[in-house]
Amino acid sequence: MSVFGKWLSRGKATVSHERLDLQAEAQNMDLALRAAEKIMNDDIVGAEEALKGGDSAFHKLSKGTLGFMKSTLGFEQEVMKEATQLLAEAENSAYTYYYKAQHDTSAFQSNIYDKGAEFLLCQAEAQIMSAVVGVLNESLTESLKGFYKMRKAYMILESLMAQEQKYMQARAVQSLQGSHMASKESLTSLHSAHSNTNPIIVEPPVQSQPAKPSGLRNAMTSNRTESPDSDEFVEADENHSQHPVTQKYEGHLGKSGPRQDFGDDLDQKLQRLDVNSNLLGTSPTPSEMGSRPPLSRTTTGGSKFGLIEIEADDQVFKNSLDVFIHSGTNLMFGIISLMISVIPPTFAKVLAVIGFRGNREKGMRMLWQASRFSNVNGGMAALVLFGWYNGLIGFCDIYSDPDPSVPLMDQVEGYPSDRLKGLLAEMRNRYPDSHLWMIEEARMAAAGRDIDRALELLGRAGKSDMKQLQALQVFEKSLNAQNSHHYELCAESFLECVELNAWSQALYYFVAGAALLQRSRDLAAEGNAAEAQKLATLAEEHIKKAPSFVGKKKMMGRQLPFDLFVQRKVNKWTANSAAWGCSFLDAVGVPPIEESIFLWNGYKKMNESQLQKSLQNLERAEQSPHWDKQGIDAQTVATLLRATIYRNLRQHKKAQAILEENVFVHDKSAFSAPGMDTWAAPASYYEHAVNSWQQRNEYIVRFGTSLAGPSANQQSASNAEIVADRVHVASARKHVETAKNWGSYELDARIGMKITAALGAIGKWEARNGVA
């Protein structure tokens, strides 16, 4: 038994020795994965119906995938529990089938992967999805179990990637040998035509590996000694060339073409042993792509990570199982790499438990590779990519610059809008009935500071039959209404979220009340006292109702950060109202709707008029008769929000000046009293760093001096400008480090994600360009 089997069998039940039916398993995989893919098109009922009665490892994984999608879209505890159970069954079933494959001489044998690799991938996918659900779970114990599962899955995926790399290296060597022999023959012919000497006898080229058995085993074997206690994965030293592989899994996914040669520089290619050039396939022609922008070409950016970046219809993928393993490995390894790369500093100890670190660029490239495949793995990879760019990148402000030397359609850093537009068009074509991609289209519009367009798209989408997806759509509409100052629509939409989703109802009521409070203040300023009072009454009702929902949901055994934020705010305003002898709403200082906009990074999505409206909201709040009674924390929040607005208006010096004059003059201890907004001071240091980052010559060359959108142009700064930028980057690092080392404070995990992304981007810039 291989080391794989010994390691995976720990704690497992006895497995059956029943032989595998290859034809049945091929059909099971195709049917199960096709059924799971229906969820990408909003057809949850069709997916569940198609999976009824199926008991294979692929069916169980697909059922677990459906549960995973529902749980991560809705964050509902009952759905999460069901998903956890389904994924546990999928993991156990995958192990059973893996064991069968290892002991069945007639089991399917891939050209690329070891026998049973498809079931190892099923197990890893189940483990990772279970880990994600575990982290979202209310129980700390389940969350820690999830991280442990992630480590186990990482080891499996690492081994599958190693098998791919060995196979492709062997294939490259064979191609180079063939090219080299052809070159020798050509030289010989040329020599004989100009010489009276006998021609040089050219030895025949080395015979290539058989087409059916694994070229991987013949190319490379392991000299390691198998240890019964080892947790390492090594490739079995077996040769199955005498066993031709069954034809049942044969068939190309798409049109295949002749393989292109490496090129002229054979020595360089041999040194790289890499197939990331346009070697193994060509990009789809315009006629094949129709009117849709191309997803990407075969890229070279992943070569430094040893990644394989080739098209889905390439000849290397000779059967559907290879496609499933390759796309699934890239999907899951990409997810792990991204998750670990954004863990906030306060969760750093978790990394020690997992035992590995993520690499953001590697993870992104793997997800882009997986997205090329028209299966459920490709659809999920696209969903994660949009979640990253429209979610995480949209939430952060300091992230790595895109490399201007990299073609637009190969970019992974920054916000590659052209490439995302191509991916979105492809997903809309694959899944025309899905609201998922309509939501992502709206998010892309908002990222381009066109929130009104985003609201239009969401309104036009209609209602989804999938409850969790409908809740996500309404939540997205709520945020866009908030960020565009459509306060009554914002309140209406957040109250609709209460009916659709039970994740954070305290937040929903609080922001609904905050929106109505701001609308009430606007109406009062306009002279409409009666309507203002009516909305003020509703606003107070919703805000005071919010704390009754606090504590009902937890994550990793802790209360939700926003729930604690809401509870503290209401308690503070209640206490201030009693102390100052004023109404509850008059005790509210900084507009809470503006705080919510900041915490969701809504200023990054606003156009100029919307930013000016937020400035007006702050000015009106500071004209309140009770403003002078507000504490230093409220004053700091107001300064922070104003500085963020100035930065988005590209008034960087002004933004930094007010932070230095109103926040940095105070000692850290001034912000530590109970009941205070402890998050505002460390966030102010981060905000100062963002201004430094965006004052770089390189940033200005790429994004201009007016309101910056998410996309950079392809221009480059001069060497002298880059050297001058070191001062700005050093300032950014200094202030981000201050925020990082601040200690524990409210919303530290949320702000910590920005800090983690910032430190990564700054470190990458310094490694490339030097330090001041």
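In short, a report on the structure. Bear in mind that the values here come from a model prediction, so they are computed numbers and not experimental data.

## Some remarks on the overall build of the chain
Across its full length, the chain holds 30 helices and two strands. Among the 772 residues that make up the chain, the fraction classed as buried is 58%. For the chain, restricting intrachain contacts to residue pairs at least 6 apart in sequence, the fraction spanning at least 24 positions comes to 74%. A total accessible area of about 31500 Å² is found for the chain, and carbon and sulfur atoms account for 51% of it.

## As for the state of the cysteines
Note on terminology: a disulfide is the covalent bond linking the sulfur atoms of two cysteines. Going through the model one piece at a time under the given rule, you end up with zero disulfides. Counting only cysteine sulfurs, Cys497 is the nearest neighbor of Cys490, a cysteine outside any disulfide, at a range of 9.4 Å. On the basis of relative accessible area, Cys490 is assigned to the buried category, the value being 0%.

## Here's the deal with unusual backbone geometry
Of note, Asp42 is a non-glycine position whose phi angle comes to about 70°, a positive value. Locating Asp42 in the fold gives a position in the loop between α2 (22-37) and α3 (44-51). At Arg650, a residue that is not glycine, the phi angle is positive and equals roughly 70°. As for its position among the elements, Arg650 is in the loop between α25 (632-648) and α26 (652-662). Given the relative accessible area of 12%, Arg650 is considered buried.

## Concerning empty space enclosed by the protein
What the rule picks out here adds up to eight cavities of 30 Å³ or more. Approximately 70 Å³ is the volume attributed to the largest cavity. Counting residues per element, the ones that place at least two in the lining of the largest cavity are α22 (561-580) and α25. Of all the elements, α22 adds the most residues to the lining of the largest cavity, at three residues. Partitioned by chemical class, the residues of the lining of the largest cavity number four nonpolar, two polar and four charged.

## Notes on helix α29 (residues 719-740)
Between the first and last C-alpha of α29 there are 31 Å, a value that for 22 residues agrees with the 32 Å anticipated at 1.5 Å per step. At Arg726, α29 shows its maximal kink, close to 30°. For α29, the set of buried residues is Ile722, Asp725, Val729, Ala732, His735, Val736 and Ala739. Each element contacted by the buried residues of α29 is listed here: α27 (680-694), α28 (697-703) and α30 (748-769).

## Quick notes on the environment of Leu385
Residue placement: Leu385 occurs in helix α14 (residues 376-395). Leu385 sits in the buried class, given a relative accessible area of 0%. Considered as a pair, Leu385 and Ile335 are 50 residues apart in the sequence and their alpha carbons are 9.4 Å apart.

## Digging into the side chain of Asp397
Within the element layout of this structure, Asp397 appears in the loop between α14 and α15 (417-430). A polar side-chain atom of Asp397 sits 3.1 Å from a polar atom in the side chain of Tyr686. With residues near it in sequence (within four places) discarded, Asp397 still touches Asn601, Lys604, Arg647, Tyr686, Val690, Trp693, Gln694 and Lys754.

## Let's talk about the pattern of salt bridges
Overall, the coordinates contain 33 salt bridges when judged by the stated rule. Of the charged contacts in the structure, one is a salt bridge between Lys764 and Glu413, with a shortest N-O distance of 2.5 Å. Taken as a pair, Lys764 in helix α30 and Glu413 in the loop between α14 and α15 lie far apart in primary sequence, 351 residues in all. One salt bridge connects Lys569 with Asp677, and the closest N-O pair in it is separated by 3.1 Å. In this pair, Lys569 is assigned in helix α22 and Asp677 in the loop between α26 and α27, connecting sequence segments 108 residues apart. Accessibility expressed as a relative area gives 4% for Lys569, which makes it buried. Connected through salt bridges with shared partners, the residues Arg568, Lys569, Lys572, Glu595, Asp633, Asp677 and Glu746 form a single ionic network.

## What about the packing of aromatic side chains?
The final tally for this structure, using the stated rule, is 23 aromatic pairs. Aromatic side chains Tyr431 and Trp437 sit 6.2 Å apart centroid to centroid with 20° between the ring planes, which places their arrangement in the stacked category. By relative accessible area, Trp437 is classed as buried at 0%. With 5.1 Å between their ring centres and 20° between their planes, Tyr509 and Phe549 make a pair best called stacked. Here the residue Tyr509 occupies a position in helix α20 (residues 505-526), and Phe549 occupies one in the loop between α21 (529-545) and β1 (554-555), the gap between them amounting to 40 residues. Among the residues examined, Tyr509 registers a relative accessible area of 10% and is labelled buried. A residue is classified by how much of its surface remains accessible, and Phe549, at 17% relative accessible area, is buried. These aromatic residues form a ring-pair network of at least three members: Phe475, Phe494, Tyr508, Phe510, Phe562, Phe565, Trp573, Phe584 and Trp600. The ring of Tyr97 has Lys100 sitting right over it, with the charged end atom 4.6 Å from the ring centre. The residue whose ring lies beneath Arg419 is Trp368, and the NZ or CZ to ring-centre distance is 4.0 Å.

Analysis parameters
- Residues numbered from 1 in each chain as written.
- Predicted model: local features only at pLDDT ≥ 70, side-chain atom pairs only at ≥ 80, totals over all residues.
- Heavy atoms only, no water.
- Helix = DSSP H or I, 4+ residues; strand = E, 2+ residues; numbered from the N terminus.
- Buried < 20%, exposed > 50% of the residue type's maximum accessible area, 1.4 Å probe, protein only.
- Contact = heavy atoms within 4.5 Å.
- Areas by Shrake-Rupley, 256 points an atom, 1.4 Å probe, with all protein chains shown as cover.
- Disulfide = S-S within 2.5 Å.
- 1 Å grid on protein atoms, 1.4 Å probe; cavity = no way out; pocket = protein on both sides within 12 Å on 5 of 7 lines; lining within 4 Å.
- Points joined across faces, edges and corners; volume = space filled by probe spheres on them.
- Nonpolar A, V, L, I, M, F, W, Y, C, P; charged D, E, K, R; others polar.
- Expected span 1.5 Å × (residues − 1).
- Bend = angle between axes of the 7 residues up to and from the residue.
- Polar contact = N/O pair within 3.5 Å; in protein donor to acceptor, adjacent residues only side chain to side chain.
- Salt bridge = Lys/Arg side-chain N within 4 Å of Asp/Glu carboxyl O.
- Phe/Tyr/Trp six-rings, centres within 6.5 Å; stacked < 30°, edge-to-face > 60°.
- Lys NZ or Arg CZ within 6 Å of the ring centre and 35° of its normal.

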